[in-house]
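# An overview of the molecular structure
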Amino acid sequence: MNHLILLGAPGAGKGTQARKLQDERGIVQLSTGDMLRAAVKSGSEIGKKAKAIMDAGKLVSDDIMIAMIEERVQQPDCKKGFILDGFPRTAAQAEALDAMLAKLGLALDHVIEMTVDEKILTERIVGRYTCAKCGAGYHDAFQKPKVAGVCDVCGSREFTRRADDNAETVRTRLDAYRKQTQPILPYYRTKGILKSVDGMAEIDDVARQISAILD
Ligand code: ADP
Ligand code: AMP
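The present account deals with the structure reproduced in this document. (Residues numbered from 1 in each chain as written. Chains lettered and ligands numbered in written order. Predicted model: local features only at pLDDT ≥ 70, side-chain atom pairs only at ≥ 80, totals over all residues. Heavy atoms only, no water.)

Turning our eyes to something else, we now look at the packing of helix α4 (residues 62-72) against helix α5 (residues 91-103). Where α4 contacts α5, the axes come no closer than 10 Å and their chain directions differ by 25 degrees. Relative to α5, the element α4 lies roughly parallel. For the element pair α4 and α5, the recorded crossing hand is right-handed. Taking contact as the criterion, the partners of D62, M65, I66, I69 and E70 in α4 are, on α5, A92, Q93, A96, L97, M100 and K103. For the contact of α4 with α5, a count of residues per class yields seven nonpolar, one polar and three charged. (Axes fitted to C-alpha atoms, helices over the stretch in contact; angles between N-to-C directions. Helix = DSSP H or I, 4+ residues; strand = E, 2+ residues; numbered from the N terminus. Parallel < 35°, antiparallel > 145°, perpendicular 65-115°, else oblique. Left-handed = near helix turned anticlockwise from the far one by under 90°. Contact = heavy atoms within 4.5 Å. Nonpolar A, V, L, I, M, F, W, Y, C, P; charged D, E, K, R; others polar.)

Structural data, given as structure tokens:
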């Protein structure tokens, strides 16, 4: 029961919930956004190709993304299960995912859609920041560290903001979600594995809704 997808618009809370599930259940978070940002940072060929596309808020090509996930799900830390966060984002990615899982003798257990009003998404994204050392996620208004300026998890005082978390890029990213990602919801609905949670609720309440589905 440990192969799931968190599906939702940018800022819906996928990363926040995926990290909680990883900590609580020992199933690994696979964030394609994080993988791409690591590739950009390392200066790899993929990183070079992806950077301008990500800065513009558009989607990186299906070929690159499918190959990246195919390689990742075969790593030993995925044996206990994984939470896909940010993948699939297109119909082609959804179909390729099914094919690669079938080849590995695996299947998706749940696809959990996180619904959040669009006007809140922009607010969530422009206020988002993370600990530069451990990657813990925060928000200027909605998820502040307990002690101002100090990471709750590792005590670091250094934080970063994503280059693409600005109001202009958010518009393009939401547009990509509406046009390219939302149309894959019926694909999973037809398979009978799509569940929805109210992503507008408090972080802990969203976590409880997800746990209720998984248990
Ligand atoms: P995604 O991974 O879907 O893009 P994140 O998990 O990074 O979204 O969440 C975006 C921002 O909103 C973060 O700054 C996070 O702290 C905050 N956030 C996440 N879930 C909630 C929630 N349920 N209520 C309020 N703020 C939230
Ligand atoms: P995220 O961290 O999920 O918000 O992703 C950040 C950016 O990475 C997106 O705006 C895209 O440019 C790119 N990206 C991440 N995952 C995918 C994917 N599955 N398909 C295409 N592009 C992606």
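Further remarks concern the side chain of D165. Here D165 is to be found in the loop between β7 (159-160) and α7 (167-181). The class of D165 is buried, set by a relative accessible area of 10%. Within the structure, D165 has its side chain in polar contact with the side chain of R128 (distance 2.9 Å). Not counting residues within four places of it along the chain, the set of residues in contact with D165 comprises I125, V126, R128 and R173. (Buried < 20%, exposed > 50% of the residue type's maximum accessible area, 1.4 Å probe, protein only. Polar contact = N/O pair within 3.5 Å; in protein donor to acceptor, adjacent residues only side chain to side chain.)

Further remarks concern the sheet that holds strand β6 (residues 137-139). Strand order across the open sheet formed by three strands is β6-β5-β7, with antiparallel pairing between neighbours. The sheet is open, and its two edges are formed by β6 and β7, each paired on a single side. Here three bridges tie strand β5 (residues 128-131) to β6, and the two strands are oriented antiparallel to one another. In the sheet register, R128 faces β6, and the bridge partner there is H139. (Pairing = 2+ DSSP bridges.)

A word on the layout of surface pockets. Quantified by volume, the second largest pocket comes out at close to 150 Å³. Residue lining of the second largest pocket: A9, E113, M114, T115, V116, E118, L121, L174, Y177, R178, Q182 and L185, and that is the complete set. The set of elements that each furnish at least two residues to the lining of the second largest pocket consists of β4 (110-115), α6 (118-126) and α7. Each residue belonging to the lining of the second largest pocket can be placed in one class, and the counts come to seven nonpolar, two polar and three charged. (1 Å grid on protein atoms, 1.4 Å probe; cavity = no way out; pocket = protein on both sides within 12 Å on 5 of 7 lines; lining within 4 Å. Points joined across faces, edges and corners; volume = space filled by probe spheres on them.)

This paragraph deals with the site of ligand 2. Taken together, 16 residues lie near ligand 2, and T32, K58, G86, Q93 and R162 sit nearest. In this structure, a nitrogen atom belonging to ligand 2 sits 2.9 Å away from a main-chain N or O atom of G86. Interatomic distance of 2.9 Å between a side-chain N/O atom of Q93 and a nitrogen atom of ligand 2. For ligand 2, whose free accessible area comes to 480 Å², the fraction covered by protein is 96%. A total of four residues in the shell around ligand 2 trace back to one element, the largest contributor, which is helix α2 (residues 32-42). (Near = heavy atom within 4 Å. Areas by Shrake-Rupley, 256 points an atom, 1.4 Å probe, with all protein chains shown as cover.)

Of all residues adjacent to ligand 1, which total 19 residues, the nearest are T16, R128, Y138, Q143 and A201. One of the backbone nitrogen or oxygen atoms of K14 is found 2.8 Å away from an oxygen atom of ligand 1. Taking 560 Å² as the accessible area of ligand 1 by itself, protein coverage stands at 91%. Mapped by element, the contributors of at least two residues to the shell around ligand 1 are α1 (14-25), β6 and α9 (203-214). Each residue belonging to the shell around ligand 1 can be placed in one class, and the counts come to eight nonpolar, seven polar and four charged.

Let us look at the packing of aromatic side chains. On inspection of all chains with the given rule, the structure shows four aromatic pairs. Relative to Y138, the ring of Y129 lies with its centre 5.8 Å away and its plane at 25 degrees, an arrangement referred to as stacked. Taking the centre distance of 5.4 Å and the plane angle of 85 degrees together, the rings of Y129 and F159 count as edge-to-face. Residue Y129 is found in strand β5, and its partner F159 is found in strand β7; the two are separated by 30 residues along the sequence. By relative accessible area, F159 is classed as partly exposed at 25%. One aromatic cluster in this structure is built from Y129, Y138 and F159. (Phe/Tyr/Trp six-rings, centres within 6.5 Å; stacked < 30°, edge-to-face > 60°.)

Honestly, it's all geometry; don't read function into it.
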